[in-house]
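Tertiary structure, described
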Amino acid sequence: MRSPRRFRCAALAALTAGALFAVAGCDSAADRTTKGTTGTAEAEDVLLQPLAEPGPGPFTKSTARQTPSPSATPSPREGDGSATRTVHRVSGAVPGLYGGVRSEASCDVEQQARLLTADQDKARAFAEKAGIEAVQIPGYLRSLTPVTLRADTQVTNHGYSAGSVTAFQAVLQAGTAVLVDSKGLPRVRCACGNPLERPVIAKGQVTHRGERWAGYDPARILAVDPGVKPLSSLIIVDTADNTWIERAVGDDVGRDRTPDDPPPFEPSVDLLFPSPARPSDPAPTESAPSAPSPAEPEGTECPDSPGDPAELPPGCPPPMEPDPGTEAPDDFDGMPSDEPWEMEEGEPGVVPEPTQVSPGELDEDELDELEGLDESGELAEGDQLDEFGEPADSGVPEPFAG
């Protein structure tokens, strides 16, 4: 299931990245100035290819089926054929990049397979450019999806002449029937059977040769890049009634259907070439700063220990009353003293902790007790300690003397 947000993000991210790109297609028979050489692509000269023109060196005759022409775009300003172009790179997976008619193929794939395999030399040349074996041509063509271009598109085209293959740059007119792979790349032009590849991008001035069509604009040309991963279906525009079609990848257009989760824009919206004065997403409006909360007035500090609650600044909470039974005694100030804790005598079950007293703090009685020790630190004979650590007295205690 496709998410509308994913559709929009994918469309805007892929369509707003402007970059130079090249065009490919079959050469026009009316133009004999193409400088294509065997195995090379001249990026400086670009051949303009009207949608029904087969061009020189076609691999086969046309297998394109007549489809409704796309709406005309504004005509460009006249020039001498040389112009600095603006080429827009776009992912082949973008919804609405291609068009078609529901349940009608723009190319006769079976006829294309028969025509290509009928000539072994052409079959081998085609298979070499497609990266397959000649025996795989029928299956390869059936794996491609028949669609039409919705914008003038540049590709690298390959013609066949005198037993050799020539490569050249061409711009294919919007409405041209092509076969695209599972990543959305144009692979075959149906008007001539020529294999197609990604364009070669030229830097600087480019010379456009061939017949210009109404609506051609060198600043509105697409270069298709492969999608990130293979797709199971393409979302295309029905050129007959301007609605969405979900077309499964492959030549079986009988499975065309309305997408369950269509793109979040109408098929007529021109996302391929957004106008600078009409941005895709509206700019966020600046909201007025929110007023400070009445409970927290700006610039007011609440005292930690207020005296009279009536004197609190506005917005400050009143002091909290302690819960019953949790009040501290009057003589307890809440802070422990640094003095040692004293334990009352006679407290059962408590053993007093030993204290360490420096010699300078001994009183006279304690010094007298120390005098009873001999040189070895032991008590002198007769000076034994009782169970409380006091010197034992062999006589009768004073209270009982008598």
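Residues numbered from 1 in each chain as written. Predicted model: local features only at pLDDT ≥ 70, side-chain atom pairs only at ≥ 80, totals over all residues. Heavy atoms only, no water.

1. Some remarks on the overall build of the protein
A tally of regular secondary structure across the protein gives five helices and 15 strands. In the protein, which comprises 402 residues, the proportion classed as buried is 35%. Sequence-distant contacts, at least 24 apart, represent 75% of the contacts inside the protein between residues at least 6 apart. Split by element, the accessible area of the protein, about 24600 Å² in all, is 51% carbon and sulfur. (Helix = DSSP H or I, 4+ residues; strand = E, 2+ residues; numbered from the N terminus. Buried < 20%, exposed > 50% of the residue type's maximum accessible area, 1.4 Å probe, protein only. Contact = heavy atoms within 4.5 Å. Areas by Shrake-Rupley, 256 points an atom, 1.4 Å probe, with all protein chains shown as cover.)

2. Structural notes on the state of the cysteines
The tally for this structure, following the rule as stated, stands at one disulfide. Two residues share a disulfide in this structure: Cys-107 and Cys-190, whose sulfurs sit 1.5 Å from each other. Residues Cys-107 and Cys-190 are joined through a disulfide that is right-handed, its torsion about the S-S bond being 95 degrees. Pair noted here: Cys-107 is in the loop between β5 (98-100) and α2 (109-118) and Cys-190 is in the loop between β10 (186-189) and β11 (194-197), with a separation of 83 residues, a long-range link. Assessed through its relative accessible area of 1%, Cys-190 is described here as buried. (Disulfide = S-S within 2.5 Å.)

3. Describing the packing of aromatic side chains
This structure, assessed with the given rule, holds five aromatic pairs. Between Trp-213 and Tyr-216, the aromatic rings sit 5.4 Å apart at their centres with planes inclined by 75 degrees, giving edge-to-face as the arrangement. Each member of the pair, Trp-213 as well as Tyr-216, carries the same accessibility label: buried. Ring geometry for Trp-244 and Phe-265: centres 5.6 Å apart, planes at 75 degrees, overall edge-to-face. In this pair, Trp-244 is assigned in strand β15 (residues 243-248) and Phe-265 in the loop between β15 and α5 (364-371), connecting sequence segments 21 residues apart. (Phe/Tyr/Trp six-rings, centres within 6.5 Å; stacked < 30°, edge-to-face > 60°.)

4. Side note on α2
Among the residues of α2, those classed as buried are Val-109, Gln-112, Ala-113 and Leu-116. Around the axis of α2, the buried residues are gathered within 100 degrees of arc, so they sit on the same side. Relative to its buried face, α2 has exposed residues pointing more than 90 degrees away, namely Arg-114 and Ala-118. Where α2 is buried, its residues touch α3 (120-130), α4 (137-142) and β9 (177-180). (Arc of directions from axis to C-beta.)

5. Quick word on the pattern of salt bridges
Considering all chains together, one arrives at twelve salt bridges under this definition. Between Arg-198 and Asp-225 there is a salt bridge, and its shortest N-O distance comes to 2.9 Å. Taken together, the positions of Arg-198 in the loop between β11 and β12 (206-210) and Asp-225 in strand β13 (residues 221-225) put the pair 27 residues apart, joining distant regions of the chain. A relative accessible area of 17% places Asp-225 in the buried class. The salt bridge partner of Asp-260 is Arg-257, with a shortest N-O separation of 3.3 Å. (Salt bridge = Lys/Arg side-chain N within 4 Å of Asp/Glu carboxyl O.)

6. Some remarks on the pairing of strand β14 (residues 233-238)
Most of β14 is tucked away, with six of its six residues classed as buried. Judged from the two bridges that link them, β5 and β14 form a sheet pairing that is parallel. Counted as the bridge partner of Gly-99 is Val-237 from β14. Relative to β15, β14 runs antiparallel, the two sharing six bridges. (Pairing = 2+ DSSP bridges.)

7. Digging into the side chain of Gln-154
One can find Gln-154 in strand β7 (residues 153-161). A polar contact is formed between the side chain of Gln-154 and the side chain of Gln-169, at a distance of 3.2 Å. (Polar contact = N/O pair within 3.5 Å; in protein donor to acceptor, adjacent residues only side chain to side chain.)

8. What about the confidence of the model for the protein?
On average, residues of the protein score 73 in pLDDT, and 52% of them reach the 70 mark or higher. Ignoring residues within four places in sequence, the model shows residues 7-40, a span with pLDDT below 50, making 139 contacts including any to other chains. Across residues 276-288 the pLDDT falls below 50, and counting only partners more than four positions away or on other chains, this stretch makes seven contacts in the model. (pLDDT = per-residue confidence, 0-100.)

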